[in-house]
Amino acid sequence: QCVQVCPTDVLTEQKEAYLVKKAIMDPSKKVIFMTSPSVRVALGEPFGKKAGAYVEEQMVAALRKLGADYVFDTTFAADLTIMEEASELIERITNHKPLPQFTSCCPAWVKFAETYYPQYLPNISSSKSPISMFGPTIKSYFAQQESIDPASIITVALTPCTAKKFEVRRLELQDALPDHPDTDYVVTTKELADWMKMENLDIDMLEPSKYDSLMPRGSGAGIIFGNSGGVMEAAVRTAYYMLTGENPPQDLLTYKPLRGLDGVKICDVTIRDLTLHLAVVSGTDHARQFIDQMEKSDKQYHFVEVMTCPGGCISGGGQPKHLQEDMNTVRKERMDGLYQMDEKMTLRFSHENPEIIRLYEAFYGKPLSKPAEKLLHTYYQDRSDILGEDPAVYQTDYQKEP
Ligand code: SF4
């Protein structure tokens, strides 16, 4: 199984769309899609639209035409991730637990850390990724609300990411609910585009459709998760509120130091008398460089976001490729597509999402509660033994002698 990011398609991903089609044909199953933010700014490209074109409602319409029983937005679960992850950060700072807190949304980064930096496993946020929070929430809360047997639910994550196919099969992410995998299948942007073409669905010919309403589209904070720096920016918005009882000032709503394609972005954010030292990293070589630098310096970072793909999930291994174009231009256009949508929205804070508030009131209680710990948090494993006796054979370009 290929879980690598492969910009030229030399390595091909494991396809799962045919398994989803089989589930759709089975009348005893309810097939529920959850769509990651980056898909909607890239799905138009195989149909001739420019990179970054925002095709959310056409994507939802396509999934309904293909047989989805429900279509949810993973940005809703991104808001849930922020509620848990920001609470965890504050709890670590308050109770002197291991810092910095590293993000955990990127399965390729998590596996990389498990292999090369197992000493930092206590630093990786125990909060699951949005997809891995959404699966068990759909099969528990949503199933209860709609009186659906969880055993009949098939959850399908539509993502830009080939590594998510590995994440959803981690045993640690299969055990939140007895007898049901938390998430059943992962389909990438490219797989969906191919499936649509096989069914003669053209994105321009589809009547736009909206998400299902019990867990509707998330906040702007959830939408920018697809960009490198987006998770950090979303978390800072809510951590600010959790620490002060007020929303952050306007300059923290388009926080330029956290944005852009640089492999390492470093900045400080002061919230009352607390100065948070933050870093945003994309790419594993940059992660190595950053960790080396962090270990050599005295600086105590509080929160570090790491994404494996350059620029974040907008350039994930399951996104359409542009071999003839400058990929950085494509990445920038997709990033802009997500930032522009965030700026257009009135709901821009995860903690203000009314359906997230309702979900906590009705089901989880509060962030880091016992039910939240059971369904929304996980743990990691030391995989460094696969390196054997000679870790040098696994060195990347950054580590090799010039
Ligand atoms: Fe997947 Fe890349 Fe996003 Fe990591 S950065 S979650 S590998 S798409």
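If you're wondering where the values come from, they're calculated on a predicted model, not measured in any experiment.

## Quick notes on the overall build of the chain
On a plain count of helices and strands, the chain comes out with 13 helices and eight strands. Oriented by its inertia axes, the alpha-carbon framework of the chain measures out at about 60 × 50 × 40 Å. The buried share of the chain, reckoned over its 402 residues, is 47%. A fraction of 77% describes how many contacts in the chain between residues 6 or more apart in sequence connect residues 24 or more apart.

## Considering the environment of Thr162
Note that Thr162 resides in the loop between strand 4 (153-159) and helix 6 (164-167). C-alpha of Thr162 to C-alpha of Ala108: the two residues are 54 residues apart in sequence and 9.4 Å apart in space.

## A look at the site of the ligand
Around the ligand, twelve residues are found, and the nearest of them are Cys106, Cys161, Cys309, Cys313 and Gly316. For the shell around the ligand, the class distribution of residues is nine nonpolar, three polar and no charged.

## As for the sheet that holds strand 2 (residues 70-73)
As summarised here, the arrangement of the four strands in space is 2-1-4-5, forming an open sheet in which the pairing is parallel. Sheet topology places strand 2 and strand 5 (185-188) at the edges, where each strand pairs with a single neighbour. Within this sheet the neighbouring strands show an average axis-to-axis angle of 25 degrees, counted without direction. Alignment of strand 4 against strand 5, held across four bridges, turns out to be parallel. Looking at strand 5, one finds that Leu158 is bridged to Val187. Most of the contacts of helix 7 (residues 189-198) go to strand 5, to which it runs at about 75 degrees, and overall it touches strand 4 and strand 5.

## Some details on helix 3 (residues 74-94)
Spanning 21 residues, helix 3 covers 30 Å between terminal C-alpha atoms, matching the ideal 30 Å at 1.5 Å per step. For helix 3, the tally of buried residues reaches 16 of 21 residues, placing the bulk of the element in the interior. Two residues or fewer past helix 3, His96 is found with a positive phi of approximately 55 degrees.

## Considerations on the sheet that holds strand 3 (residues 101-102)
Taken together, four strands build an open sheet; the order of strands is 3-8-7-6 and the sheet is mixed. The sheet is open, and its two borders are formed by strand 3 and strand 6 (264-271), each paired with just one other strand. Bridge count for strand 7 (residues 274-282) against strand 8 (residues 303-307) is five bridges, and the pairing is parallel. Bridge pairing in strand 8 places Val280 opposite Glu305. The strands touched by helix 10 (residues 284-296) are strand 6, strand 7 and strand 8; relative to strand 7, the strand with the most contacts, the crossing angle is about 145 degrees.

## A word on the confidence of the model for the chain
Averaged over every residue, the pLDDT of the chain is 92; residues scoring 70 or more account for 93%. Scored below 50 in pLDDT, residues 1-5 makes 19 contacts in the model with residues more than four places away or belonging to other chains. Per the prediction output, this complex has pTM 0.92; the corresponding ipTM is 0.99.

## Quick word on the nonpolar core
What tends to happen in soluble globular proteins is that the nonpolar side chains get buried as a cluster. Residues Ile32, Phe33, Met34, Phe72, Val156 and Ala235 are the most contacted members of the largest nonpolar core, which totals 100 residues. Here this core gets eight residues from one element, more than from any other, and that element is helix 3. Those residues within four positions of Ile32 in sequence are excluded, and the remaining contacts are Asp69, Tyr70, Phe72, Ile138, Ile153, Ile154, Thr155 and Val156.

## Description of the packing of helix 3 against helix 9 (residues 230-244)
Close contact between helix 3 and helix 9 brings their axes to 9 Å; oriented N to C, the two are set at 60 degrees. The angle between helix 3 and helix 9 places the two elements in the oblique class. In terms of crossing hand, the pair formed by helix 3 and helix 9 is right-handed. When helix 3 is examined against helix 9, the residues Ile82, Met83, Glu85, Ala86, Ser87, Leu89 and Ile90 are found in contact with a partner set consisting of Ala234, Ala235, Thr238, Ala239, Met242 and Leu243. Taken together, the residues of the contact of helix 3 with helix 9 sort by class into ten nonpolar, two polar and one charged.

## Here we look at unusual backbone geometry
In this structure, Pro100 follows Leu99 across a cis peptide bond, with omega equal to 0 degrees. Residue placement: Pro100 occurs in the loop between helix 3 and strand 3. With phi around 50 degrees, Ser147 is a residue other than glycine that occupies positive phi space. For Ser147, a count of 6 C-beta atoms within 10 Å puts it in the exposed group. A positive phi angle, near 60 degrees, is found at Asn200, a position not held by glycine. The topology assignment puts Asn200 in the loop between helix 7 and helix 8 (220-223).

## Section: the pairing of strand 2
Here is the key point about a regular strand: its side chains alternate between the two faces of the sheet. By the alternation rule, side chains of strand 2 split into Tyr70 and Phe72 and Val71 and Asp73, which are all buried. Viewed along the sheet, the connection from strand 1 (residues 30-35) through helix 2 (residues 56-66) into strand 2 turns out right-handed.

## Some points on the pairing of strand 8
Most of strand 8 is tucked away: five of the five residues are buried. Both strand 3 and strand 8 contribute to a ladder of two bridges, which runs parallel. Its bridge partner lying in strand 8, Gln101 is registered against Phe303. This β-α-β element, strand 7 to helix 10 to strand 8, shows right-handed connectivity.

Cut-offs used in this document
Per chain, residues are indexed from 1 in the order of the written sequence. Residues qualify for local features only when their pLDDT is at least 70, as the model is predicted, and side-chain atom pairs are given and counted only at 80 or more; totals for whole chains, interfaces and linings, by contrast, use all residues. Helix and strand definitions here come from DSSP, where helices need a minimum of 4 consecutive H or I residues and strands a minimum of 2 consecutive E residues; each element is numbered from the N-terminal end. To sort residues by burial, count the other C-beta atoms lying within 10 Å of each one's C-beta; a count of 20 or more means buried, 12 or fewer means exposed, and anything in between means partly exposed. C-beta atoms are built from the backbone. The contact rule is simple: place each C-beta atom from the backbone, and if two of them lie within 7 Å, those residues are in contact. Any residue whose backbone-placed C-beta atom lies within 6 Å of a molecule or strand is treated as near that molecule or strand. Amino acids are sorted into nonpolar (Ala, Val, Leu, Ile, Met, Phe, Trp, Tyr, Cys and Pro), charged (Asp, Glu, Lys and Arg) and polar (every other residue, Gly among them). A pair of strands is labelled paired if DSSP reports no fewer than 2 bridges between them. Axis definition: a line fitted to C-alpha atoms, limited for helices to the stretch in contact. Angles are taken between N-to-C directions and run from 0 to 180 degrees. Expected helix span is taken as 1.5 Å per residue step, with the number of steps being one fewer than the number of residues. pLDDT measures the predictor's confidence residue by residue and takes values from 0 up to 100. Definition of nonpolar core: a set of buried Ala, Val, Leu, Ile, Met, Phe, Trp, Tyr and Cys residues joined via C-beta atoms within 7 Å. For classification purposes, angles smaller than 35 degrees are called roughly parallel, those larger than 145 roughly antiparallel, those between 65 and 115 roughly perpendicular, and all remaining angles oblique. Whether a crossing is left-handed or right-handed is set by the direction in which the near helix is turned from the far one by less than a right angle, anticlockwise for left-handed and clockwise for right-handed. The handedness rule is simple: strands pointing away from the viewer, and a clockwise path from the first strand over the helix to the second, make the crossover right-handed.

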